[in-house]
Amino acid sequence: MWDTYSEDRTPATNVGRLIRIAILAAMAIVIFTVVSNQSVNLLINLAEFGDVFTKTIAYSIISGVVLAAIALVRVNFVSRHSIVWYGLHTIVNFVRRSDFEAAAKPMRYTDFKMGPVSFGLWQLTKVALMAPLFASLTFGMAVSYMAEGNDIGLGSLVTVFGLPFAEVPFDGAFAQERVVPAIPALTFVVPALIGAVGVRLLLYVGISGAVNIVSNYVLDASERKPKFLGYIATVEFIVGAAIFWAGFTIFFSPAIDFNTKYLIGGSLALGAAFLGFGAWDRRRAKVMIYPSRRHLYSRILTVVAVIAIVGSIVVINTSIAEAKKLEYRGPYIAQEIAVNRHIAELGDINVVNYNVAPPTISASAIQGIVNENRETLGSIRLWDQEAATQKLKPELGQRNDILFADTDILRFGGTMYWTSTTTPKLPDTLARGNEWFNQHLVYTHSNAGFKMLQADTGNLANSNNFFNQNRIYYGESGDGGLFSSSWAAFPTGRTTSDELEGVYYNGTGGVDVPPPLSWMFEPNFMLSYPDTPIHVMRYKDIHDRMGLIYPYFTYDFGFSNTGGVALQKLEVFPVTDGTNTYWMMPLIAALDTSHVPWGAPFMLKLVGYALIDSYNGDMQIIVTGDDPFSEMFYSQYRDLGATREVPGWLENQIRYPEEMFIWKIAKFNRYHVTDPKTFIEARQFYNVPQEAPAPYYIITKPQGFEEPAFVGFQSLELDGSQTKNLVGYMIVENDLQGLGNMSFYSVPLDSPTKLIGPSAAREALEKDEKYKNFKTLLQGTPKVGENILYKIGEQEVYFIPVYTAATTGGVVSQLGTVAAVGASVTGTFYVGLGDDSAEAFQNYLLQAAGRQPTQPTPDGQPDTPAPDLDVQDRIEALEQIFADAGIQVLRPTSISAPIEFQESQASYITETDYAAAEQAVLQFISDFQTDRVYEWKADDRVNFGVLRAEGGIVENHYISIEVS
């Protein structure tokens with residue numbers, strides 16, 4: 001019956017359809033927003049960075065296309081299978097079937113075949129879609145480099161296949177000849193190729209085989225005719241291919257030894273056997289369904305036999321090697337040493353046999369030693385990084401919009417300065433809702449520049465005397481700075497400025513973004529500046545900026561600590577050409593050497609440095625490395641401005657990277673041992689003392705240096721030693737002429753004089769009675785700074801600053817005292833305290849000479865006067881001046897002459913009188929050239945004279961010095 005009510009009623013709304021439309025619309029908006037934003041960023045990058053940015057994209061495309069093609073492109077145009085399209089076809093058929101239809105019969109994987117055109121297009125589509133996942137910049141650069149006719153040692157890879165089967169000698173020259181030439185190819189090309197081939201085998205042998213088994217079983221089971229032998233044949237193919245591939249990759253294993261050839265042979269034999277079983281069983285599966293017991297037993301016996309034979313050989317060889325370790329493992333240890341020494345360039349380290357002098361000092365020679373080393377003593381680094389940063393913090397004033405990003409040690413004119421870099425931050429008191437405006441338009445830069453402190457005296461320095469450009473638009477972010485989290489912007493053609501202090505940025509950094517691109521970059525600009533181009537400055541954090549343009553290098557390093565591994569940004573520091581301020585960033589490449597026989601997992605190479613303009617963000621690349629990767633990088637980037645010329649103004653500011661120094665020391669600690677027997681015994685491995693500071697940079701005069709030099713320094717001890725004495729120390733030069741040259745000053749293990757470590761020096765200071773008395777006079781607990789080892793003349797001395805704190809919070813206010821602790825000992829520790837390095841060193845020498853040094857007191861309390869040297873000590877000091885000049889001192893029982901002339905007189909009662917007395921003696925030596933003088937005493941004076949005959953009359957010319 002007709003329902004008139006239904007006829008007049010409005011049709012019901014399809015709610016489900018509306019929901020689907022809403023979901024699709026939301027997805028479309030999200031996709032559009034993401035794609036448009038990424039597209040705008042890409043366009044801005046192209047506009048701002050140009051060819052340098054496209055070079056990286058080119059390497060990504062080249063490597064991605066080549067590796068994706070190797071991993072994904074099917075070459076069987078006859079079968080034209082596809083796992084993806086077969087899966088989609090199966091799913092669609094399953095969804096389409098209805099309850100009123102019989103279930104659609106699924107198709108076997110082997111019966112699915114794409115059309116020729118569709119198959120070809122699908123191969124291209126896979127490469128295009130998946131290329132970004134396979135991108136390897138090093139591989140892409142190597143392909144481009146080789147396409148230009150350059151060689152990276154691909155031909156040397158052939159020798160690698162013979163290494164496991166060769167008769168390896170004890171001589172590391174074997175690896176030098178057969179492995180080292182192939183390292184570039186093993187590093188730049190092989191890891192990416194092995195990864196791509198491994199993915200191909202996984203997809204087209206493993207997954208494809210599994211899909212084939214499942215599809216066949218489903219259909220066969222529906223017909224009640226499962227062909228188990230055919231499934232087993234496919235599994236045998238998969239297992240055989242996996243084992244065969246595993247055996248092949250052993251050729252590129254770093255752990256090649258006397259068992260490797262058996263592992264390779266067993267893997268290849270077992271893999272080939274399974275491939276053969278698979279082919280045989282596939283033929284038999286045409287007429288057989290179930291495998292026979294004989295079939296199963298033969299496979300099991302084959303596996304057991306191969307594993308038993310290879311395993312027995314390996315176990316027997318390993319057992320013999322335990323008793324004949326040198327004979328069996330020695331040759332391979334020799335190759336490991338040779339390869340790793342080459343990778344870390346340890347052969348270039350100069351090893352100096354250093355005999356530590358015992359602290360035997362004559363009291364009369366103390367003043368001379370101090371005077372001879374005034375230059376070095378005047379540049380002792382008494383302020384460490386933490387203390388310097390604390391002292392510099394008040395220089396920020398009453399500001400809550402800047403913070404220190406980092407504090408670095410710099411050198412200018414032979415003087416070291418701690419330099420703290422400022423970076424902008426949002427004030428903590430900023431009202432809610434004002435963050436976006438202030439973050440992007442106001443706090444665009446730091447106007448505080450740098451704060452500097454002299455590292456030896458702790459005196460504040462005016463940074464304007466060094467850095468003319470103090471507005472930092474591109475720099476370090478530190479902990480909480482804005483550079484890493486925000487971009488800055490302003491409308492072009494502005495007549496007023498929202499920037500800090502109302503300044504107008506007029507540099508070349510950033511790029512103008514016109515609407516509507518500016519709307520897609522930041523929707524707020526759509527309403528606020530709908531028709532005005534916006535000047536946008538992005539990647540203001542220099543680590544992020546370099547990571548975008550030059551992603552070949554490492555900008556984060558992991559360092560072990562008690563809680564695991566902490567990531568730390570690559571150390572950078574400011575430099576200046578007198579006008580502009582730049583950031584000097586080392587370019588360190590971490591290259592994969594996990595496929596280098598006898599190699600380490602990775603190696604670091606210092607390619608050069610980048611100079612990043614702190615105002616404009618421009619980057620200048622300076623290549624200083626001469627290794628294969630550096631040569632390849634320079635070849636590819638020299639047309640884009642990379643240079644090998646270091647500006648003259650940079651020569652005295654450049655510095656070897658701390659990260660490279662740490663890595664090379666880690667390699668040296670193990671591979672300085674070149675004898676396989678000693679290496680196996682592990683008795684001479686080194687380590688960095690646990691209490692030692694990280695590698696520090698100081699101005700000092702190591703043995704063999706004619707002048708004080710700015711060097712990196714790291715002390716080393718014997719690994720596992722309980723005495724904690726040093727086996728020596730490593731230095732690295734920082735002047736351009738010797739940049740990166742490293743020297744290890746090695747103390748013989750049987751030296752009667754020991755070089756104590758930093759923990760022993762600190763313990764000696766804490767036990768010193770004078771230091772205990774000093775601490776009792778202080779209010780509060782003093783803070784002990786870093787103990788830094790210096791060589792002063794023939795003396796090895798730790799200089800340890802002791803700071804006083806103004807508050808209980810530990811803010812450093814001043815230097816309380818300086819301790820000089822003798823590092824070369826024969827059983828007795830000597831400690832000297834003083835207001836400065838020279839006084840502390842002099843008091844150390846006095847104690848070593850058996851004299852009583854000065855007792856230091858905190859500021860504001862009277863100093864304990866230094867006791868005078870006795871008369872004989874002062875006379876010996878004067879005699880030493882003549883001896884140093886090659887003049888013999890004679891002491892007659894009496895002396896008389898008709899005529900006597902007193903040329904000069906002086907007084908030497910206390911140590912402060914020594915300089916004037918020394919000058920008088922030197923002037924006397926200059927006036928009367930002689931090879932001997934006469935000495936006699938008269939009351940409280942000592943006289944030195946020469947006899948001259950003039951006209952037949954003997955004249956006595958002498959000087960008289962009061963000594964008591």
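Residues numbered from 1 in each chain as written. Predicted model: local features only at pLDDT ≥ 70, side-chain atom pairs only at ≥ 80, totals over all residues. Heavy atoms only, no water.

Enquirer: Whenever I open this one, the side chain of E571 confuses me. Can you help?
Expert: Take E571: it is sitting in the loop between β10 (564-569) and β11 (573-576). Comment: no salt bridge for buried E571; closest opposite-charge side chain is R655, at 4.7 Å. Excluding residues that lie within four positions of it along the chain, E571 makes contacts with D406, D408, P586, R655 and E659. (Helix = DSSP H or I, 4+ residues; strand = E, 2+ residues; numbered from the N terminus. Buried < 20%, exposed > 50% of the residue type's maximum accessible area, 1.4 Å probe, protein only. Lys, Arg positive; Asp, Glu negative; His and termini not counted. Salt bridge = Lys/Arg side-chain N within 4 Å of Asp/Glu carboxyl O. Contact = heavy atoms within 4.5 Å.)

Enquirer: Just to check I follow, could you spell out the packing of aromatic side chains for this structure?
Expert: Scanning the entire structure with this criterion turns up 57 aromatic pairs. Measuring from centroid to centroid gives 5.1 Å for F679 and F685, while their planes differ by 70°, and the two rings are edge-to-face. F685 matches F679 in its accessibility class, with the two residues each being buried. Taken together, Y59, Y550, Y552, F553, F633 and Y637 form an aromatic cluster joined through their ring pairs. Geometry around Y637 places K55 over its ring, the cationic atom sitting 5.8 Å from the centre. (Phe/Tyr/Trp six-rings, centres within 6.5 Å; stacked < 30°, edge-to-face > 60°. Lys NZ or Arg CZ within 6 Å of the ring centre and 35° of its normal.)

Enquirer: For this particular structure, what's the right way to read the packing of helix α14 (residues 325-343) against helix α23 (residues 658-671)?
Expert: Relative orientation of the contacting elements α14 and α23 amounts to 160°, with a least axis distance of 10 Å. In terms of orientation, α14 and α23 fall into the roughly antiparallel class. Remark: the crossing between α14 and α23 carries left-handed chirality. Contacts from E336, I337, N340, R341 and I343 of α14 reach α23 at W663, K667, R670 and Y671. The residue inventory of the contact of α14 with α23, partitioned by class, reads 4 nonpolar, 1 polar and 4 charged. (Axes fitted to C-alpha atoms, helices over the stretch in contact; angles between N-to-C directions. Parallel < 35°, antiparallel > 145°, perpendicular 65-115°, else oblique. Left-handed = near helix turned anticlockwise from the far one by under 90°. Nonpolar A, V, L, I, M, F, W, Y, C, P; charged D, E, K, R; others polar.)

Enquirer: Looking at this structure, how should I read the sheet that holds strand β28 (residues 899-907)?
Expert: Two pairing modes exist for strands in a sheet, parallel and antiparallel, and in both the strands are linked by backbone hydrogen bonds. Overall, mixed pairing links the 5 strands, which are arranged β27-β29-β30-β31-β28 in an open sheet. The open sheet terminates on both sides in strands that have one partner only, identified here as β27 (888-890) and β28. This sheet shows a mean twist of 30° between the axes of neighbouring strands, independent of strand direction. Where β27 meets strand β29 (residues 932-938), 3 bridges bridge the pair, whose relative direction is parallel. Residue pairing for β29: V889 is matched across the bridge by V933. (Pairing = 2+ DSSP bridges.)

Enquirer: In this structure, what is going on with helix α11 (residues 228-249)? I would like to understand it.
Expert: What sets the pattern is the α-helix's 3.6 residues per turn: residues three or four places apart point alike. The terminal C-alpha atoms of α11 lie 32 Å apart, and with 22 residues this matches the ideal 32 Å at 1.5 Å per residue to within 8%. All of the buried residues in α11 are L229, Y231, A233, T234, E236, G240, A241 and G247. Residues of α11 that are buried sit in contact with α10 (190-222), α12 (260-284) and α13 (293-323). (Expected span 1.5 Å × (residues − 1).)

Enquirer: Can you walk me through the confidence of the model for the chain in this structure?
Expert: Low-pLDDT stretches of the model should not have their predicted coordinates read in fine detail. Across the chain, the average pLDDT comes to 86, with 91% of residues at 70 or higher. Per-element confidence in the chain is highest for strand β14 (residues 619-623), whose mean pLDDT is 97, and lowest for helix α1 (residues 4-8), whose mean pLDDT is 47. In this model, residues 864-868 is a region of pLDDT below 50 whose contacts with residues beyond four sequence positions or in other chains number 9 contacts. (pLDDT = per-residue confidence, 0-100.)

Enquirer: Which parts of the structure should I look at to understand the nonpolar core?
Expert: Core analysis: the largest hydrophobic core is formed by 130 residues, its most contacted members being Y550, Y552, F553, F629 and F633. By size, the runner-up hydrophobic cluster in this structure holds 74 residues, among which are F713, I731, I800 and L845. (Core = buried A, V, L, I, M, F, W, Y, C linked by side-chain atoms within 4.5 Å.)

Enquirer: It is not clear to me how the environment of A308 should be interpreted in this structure. Could you clarify?
Expert: For A308, the position within the fold is in helix α13. Owing to a relative accessible area of 36%, A308 belongs among the partly exposed residues under this scheme. Put simply, A308 and P586 are 278 residues apart on the chain and 53 Å apart in space, counted from C-alpha to C-alpha.

Enquirer: Can you help me understand the pattern of salt bridges in this one?
Expert: Oppositely charged side chains are able to pair whenever their charged atoms sit close together. For the structure shown, the criterion picks out 26 salt bridges. Between E48 and R538 there is a salt bridge; the shortest N-O distance is 3.1 Å. One end of the pair, E48, is in helix α2 (residues 15-49); the other, R538, is in the loop between β8 (534-537) and α21 (542-549), and 490 residues separate them in sequence. Accessibility expressed as a relative area gives 17% for E48, which makes it buried. Note on R538: relative accessible area 4%, which makes it buried. Residues D556 and K569 are paired through a salt bridge, measuring 3.5 Å at the closest nitrogen-oxygen approach. Residue D556 is located in strand β9 (residues 556-561), and its partner K569 is located in strand β10; the two are separated by 13 residues in the primary sequence.

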